[in-house]
Amino acid sequence: MGGGGGKIISNHGNMDNPVKLVCTACSCLCDDIEIEVEGDRSKRIRNACIKGASFLYATESPERRLSCQIEGQPVSFEKAIEESARLLQRASRKLIFGLDNSTLETQAAGIKLAQAMKAVIDDNSSFCQGALVEGILGGTIPSCSLPQVRESADLLVYWGSNPYHSHPRHLARFSFYPHLQYREGSPKPEVTLSYLDVRKTELATLCEPVFKLKPGGDRDFIEAVLLAIKGAGKNEEAKAFVELVKKSRFCVMFAGLGLTYSLNGDFNLFIEMIHQLSQGRRVVVIPMVGHFNMRGFNQLLYARTGYVNKVSFAGGVSHGDEFSFLEQVRNRAADCLLIVGANPCRNLPHSLMRNLEGVPIICLDPLVNSTTRASRVAFGTAVSASETGGRAIRMDGEEVTLLKIRSSQHPSDEEILTRLLDKLSK
Amino acid sequence: MNASVERQGLPLIIITYRDVFQTASKERGLDNEYQQRSATVWMSPSDLKQLGVEEGAMIKLVNTAASIVVQAKLEPSLPPGFGGMPVSPYAAKLISYEPAKTKLPNFKRIEVVAEPTDEGITSVSDLGNPCQGGGTDD
């Protein structure tokens, strides 16, 4: 195992002068995190949610940190680079997956490596929020920044998303509580909060009204909304939803994975609804992106290829579902995988992931996990936004600077990818 | 318990969701709490009644992909026939990916049959690592 966090280099880190950093536990990228330090360990973490604080403490735990390994045995960094280059050189169908928990600089290095190796490259967005991000980047889905939400929105709708669990500080920092206008004598801001979900969630105490959907019923509800906009149909809930949006000046819909999966990744009807509801008011969508820099990966790849994910560089640039990570694994299409900051062996369908048995995996991650355990070569990397600096794109498309506050005995994922590119270019 | 349910079990469609306390227990290395919060199926009062069990009972969830034992929790806002599970290797054992049917894995629509059992909760280590054909999960 590798060591925990390295020496603090930022400042004193005491109670009056805490170390400041950006949290990378989700794509809120909260930039107000303060750490009181004792020695080189965090004594107290201020402002972080339970998700962020737990992640930060985990990165300081020596038993959780990963070192360079081949077949589970510790090796030097150089040996791990040699073996990875050998595996990649002999493979004819290479797949790079992940990069959503990496800086923009690392993502750029990953895309460059994929291009040089004529490899397939994909990330988690191909089975979560990629279609929404692509719609926003392509101009078919209107969106806005989170500061605009706080300053101007008067209706906030969480659709298939429970921020209490996925993005615990979203309401506190970006949407509901920081709203600029408050009613006199009221603890609630001048903004209507609503949600659509299949079950009652913690949001229910703040929301009025609430729309409870049948599981898998989002498409039916959207169709009913489209009818209600025309004054037709008999769905009273849909009529109430249309009235709610029509009363607003600026409505923001925070789209979660509940919506994505209910629509099976097809947002055409949802986009049609957004455009029709936009007559006479501003209606925008912000995807509740999970991984801290998934949107950054999408934007970089889009700028280079015109696609946010599922790209093959074999013979120029190709795009299609056959290049999604899921399809690559299902079809046993890749003969070597390079996985960066992702853990598909844990939460993706086990019946599918069994197809990877016997396929050499090279994995980069700060922490030990199921995928690093299953890898032929594993690199323990420095932690983004504490042991390496860089830039990332928040869920709303705003760029955030990540500061390095600690030294690290671990290489950065950018350094590893750059070394591999150098090796393979020779 | 309803006689036909006793014979055939209760068909249930599982929806997965995020549980921040489960996520935190994982990061903090609290293995028991992580297992407890992951090996859970939330069910409606009428479904628990159909199975003839109360909250806290052991429930076996079976489908073509796997068979696991988890603990039942009461969730009155869920409609009958639907269950809830946190995203975890437990749910991942039951999830399938069949692009001929749906483009995405069925994270939000896992078809299982639920039945009461005297067996204990499936441990995280018994779930194995699909990419290794065994071993222990993180």
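Data block above holds the structure.
Residues numbered from 1 in each chain as written. Chains lettered and ligands numbered in written order. Predicted model: local features only at pLDDT ≥ 70, side-chain atom pairs only at ≥ 80, totals over all residues. Heavy atoms only, no water.

A. How the structure looks around the overall build of chain B. When its secondary structure is counted, chain B shows six helices and six strands. Secondary structure elements of chain B occur, N-terminal to C-terminal, as α-β-α-α-β-α-β-β-β-α-β-α. Relative to its full complement of 138 residues, chain B shows a buried share of 54%. The contacts of chain B with a sequence gap of at least 6 include a subset with a gap of at least 24, amounting to 74%. Of the roughly 6,000 Å² of accessible surface on chain B, a fraction of 47% belongs to carbon and sulfur atoms. (Helix = DSSP H or I, 4+ residues; strand = E, 2+ residues; numbered from the N terminus. Buried < 20%, exposed > 50% of the residue type's maximum accessible area, 1.4 Å probe, protein only. Contact = heavy atoms within 4.5 Å. Areas by Shrake-Rupley, 256 points an atom, 1.4 Å probe, with all protein chains shown as cover.)

B. Looking closely at the interface of chain B and chain A. In this assembly, 43 residues from chain B lie in contact with 47 residues from chain A. Summed over both sides, the interface of chain B with chain A buries roughly 4,000 Å², with 61% coming from carbon and sulfur. For the interface between chain B and chain A, the tally reads one salt bridge. On the surface where chain B and chain A come into contact, there are twelve residue pairs in polar contact (both at pLDDT 80 or more). Looking at which element gives the most residues to the side of chain B that touches chain A, the answer is helix 2 (residues 20-27) of chain B, with six residues. (Buried area = accessible area lost by both parts, 1.4 Å probe. Salt bridge = Lys/Arg side-chain N within 4 Å of Asp/Glu carboxyl O. Polar contact = N/O pair within 3.5 Å; in protein donor to acceptor, adjacent residues only side chain to side chain.)

C. Summary view of the state of the cysteines. According to the stated counting rule, one finds one disulfide over all chains in the structure shown. Covalent S-S linkage joins A:Cys345 and B:Cys131, the inter-sulfur distance amounting to 2.2 Å. The chirality of the disulfide connecting A:Cys345 with B:Cys131 is left-handed, given an S-S dihedral of about -105°. Of this pair, A:Cys345 sits in helix 14 (residues 344-347) while B:Cys131 sits in the segment after helix 6 (124-127), placing the two residues on different chains. Residue B:Cys131 is classed as buried on the basis of its relative accessible area of 5%. The closest cysteine sulfur to the non-disulfide-bonded A:Cys128 is located on A:Cys26, 13 Å from its own sulfur. (Disulfide = S-S within 2.5 Å.)

D. A look at helix 2 of chain B. In terms of residue burial, helix 2 of chain B counts as a mostly covered element, since six of its eight residues are buried. Buried within helix 2 of chain B we find B:Val20, B:Gln22, B:Ala24, B:Ser25, B:Lys26 and B:Glu27. Buried residues along helix 2 of chain B sit against helix 1 (50-59), helix 6 (163-166) and helix 14 of chain A together with helix 3 (31-38) and strand 5 (82-86) of chain B. The N-cap residue of helix 2 of chain B is B:Asp19: its side-chain oxygen and the backbone nitrogen of B:Phe21 are 2.9 Å apart. Of the residues flanking the end of helix 2 of chain B, it is B:Gly29, one or two places downstream, whose phi is positive at about 70°.

E. Up close: the pattern of salt bridges. All names here are of chain A. For the structure shown, the criterion picks out 25 salt bridges over all chains. Salt-bridge contacts for Glu-78 lead to Arg-419; the nearest nitrogen and oxygen are separated by 2.8 Å. Separated by 341 residues along the polypeptide, Glu-78 in helix 2 (residues 77-90) and Arg-419 in helix 17 (residues 413-425) bring together distant segments of the chain. For Arg-419, a relative accessible area of 26% gives the class partly exposed. For Glu-327, the salt bridge goes to Arg-330, with nearest N and O atoms at 2.7 Å. A residue pair is termed a helical-turn pair when its members lie 3 or 4 positions apart in one helix, as Glu-327 and Arg-330 do in helix 13 (residues 325-330) at three residues. Through salt bridges with shared partners, a single ionic network connects Asp-31, Asp-32, Arg-169 and Arg-173.

F. How the structure looks around the sheet that holds strand 6 (residues 110-116) of chain B. Taken together, six strands build a closed barrel; the order of strands is 1-5-2-4-3-6 (chain B) and the barrel is mixed. Averaged over all pairs of adjacent strands, the angle between strand axes in this sheet comes to 45°, irrespective of strand direction. (Pairing = 2+ DSSP bridges. Axes fitted to C-alpha atoms, helices over the stretch in contact; angles between N-to-C directions.)

G. Looking closely at the environment of A:Arg44. All names here are of chain A. By the element assignment, Arg-44 lies in strand 3 (residues 41-46). For the pair Arg-44 and Glu-34, spaced ten residues apart in the sequence, the C-alpha separation amounts to 8.3 Å. Residues in contact with Arg-44, not counting those within four places in the same chain, are Glu-34, Ile-35, Glu-36 and Tyr-57.

H. Main features of the nonpolar core. The biggest cluster of nonpolar side chains holds 53 residues, and the ones touching the most others in it are A:Phe325, A:Leu337, B:Val41, B:Leu61 and B:Met85. Non-local contacts of A:Leu337, meaning those with residues more than four positions away in its chain, are made with A:Leu95, A:Phe325, A:Leu356, A:Val359, A:Pro360, A:Ile361 and A:Ile362. (Core = buried A, V, L, I, M, F, W, Y, C linked by side-chain atoms within 4.5 Å.)

I. Representation of the side chain of A:Arg173 in the model. All names here are of chain A. Within the secondary structure, Arg-173 is located in helix 7 (residues 170-173). Among the polar contacts listed, one links the side chain of Arg-173 to the side chain of Asp-32, at a separation of 3.1 Å. Look past the residues within four positions of Arg-173 in its chain and what remains in contact with it is Cys-30, Asp-31, Asp-32, Arg-150 and Pro-178.

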